[in-house]
Amino acid sequence: MRTTVSKARGATYDAGLRGFFAYRDLGAKEATGGTHAAHIIRAVPGEGPKPQWHTHELGFQLVLVLQGWVRFEYEDIGEVLLERGDSVLQPPGVRHREVEHSDDLEMLEVTSPAAFRTAEAEAPPQAA
């Protein structure tokens, strides 16, 4: 691993896992040989979420809201509103979905490993 800097000025945001979000890679995937990833997720203005229950096969996932707000729903704790400065540590394999977000939403997401499988899931019994 080596010291890696990612500058905000001139940064590019690309399409990623969700079409209503744009993703800025912070270089952690390359720097760690794929053991970790870090990126900034930005809402695409005018594109609302598509609340679909899903899971991720990974060992670690942390989300920190940098700007705006987002409402998630988790099978184990229900709905939660996250605002600037709030974070969530999502357990591996937990069923969850994004319910809604502000147009100015920006989040930092850190995962391990960098590449992981996402699978659609049925709604938990209490959410059906």
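As the structure is a computational prediction, the values presented were derived from the model and not from experiment.

*Asks:* Help me understand the layout of surface pockets in this model?
*Replies:* Quantified by volume, the second largest pocket comes out at close to 180 Å³. In this structure, the second largest pocket is lined by Arg 2, Thr 4, Val 5, Ser 6, Asp 25, Leu 26, Gly 27, Glu 30 and Ala 31. Grouping the amino acids of the lining of the second largest pocket by side-chain chemistry returns 3 nonpolar, 3 polar and 3 charged.

*Asks:* Looking at this structure, I do not really get the packing of aromatic side chains. What am I missing?
*Replies:* The geometry of an aromatic ring pair is captured by the separation of the ring centres together with the interplanar angle, meaning the angle of the planes. Tallying each qualifying case throughout the model produces 1 aromatic pair. Considering the side-chain rings of Phe 72 and Tyr 74, the 5.9 Å spacing of their centres and the 50° angle between planes classify their relative orientation as tilted.

*Asks:* Sorry, what's going on with the pattern of salt bridges here?
*Replies:* Opposite charge on two side chains allows them to pair when their charged atoms are near. Scanning all chains against the criterion turns up 6 salt bridges. Where Glu 73 meets Arg 97, a salt bridge forms, and the shortest distance between an N and an O atom there is 2.8 Å. Taken together, the residues span a long stretch of sequence, with Glu 73 in strand β6 (residues 69–74) and Arg 97 in strand β9 (residues 96–101) at a distance of 24 residues. You'll find Glu 73 and Arg 97 in the same group, each marked buried. Here Arg 95 ties to Glu 75 by a salt bridge, and the two come within 3.1 Å at their closest N and O atoms. Of the two residues, Arg 95 sits in the loop between β8 (87–89) and β9 while Glu 75 sits in the loop between β6 and β7 (78–83), which places them 20 residues apart along the sequence.

Conventions adopted
Residues numbered from 1 in each chain as written. Predicted model: local features only at pLDDT ≥ 70, side-chain atom pairs only at ≥ 80, totals over all residues. Heavy atoms only, no water. 1 Å grid on protein atoms, 1.4 Å probe; cavity = no way out; pocket = protein on both sides within 12 Å on 5 of 7 lines; lining within 4 Å. Points joined across faces, edges and corners; volume = space filled by probe spheres on them. Nonpolar A, V, L, I, M, F, W, Y, C, P; charged D, E, K, R; others polar. Phe/Tyr/Trp six-rings, centres within 6.5 Å; stacked < 30°, edge-to-face > 60°. Salt bridge = Lys/Arg side-chain N within 4 Å of Asp/Glu carboxyl O. Helix = DSSP H or I, 4+ residues; strand = E, 2+ residues; numbered from the N terminus. Buried < 20%, exposed > 50% of the residue type's maximum accessible area, 1.4 Å probe, protein only.

Read these as layout, nothing more, since geometry by itself doesn't imply function.
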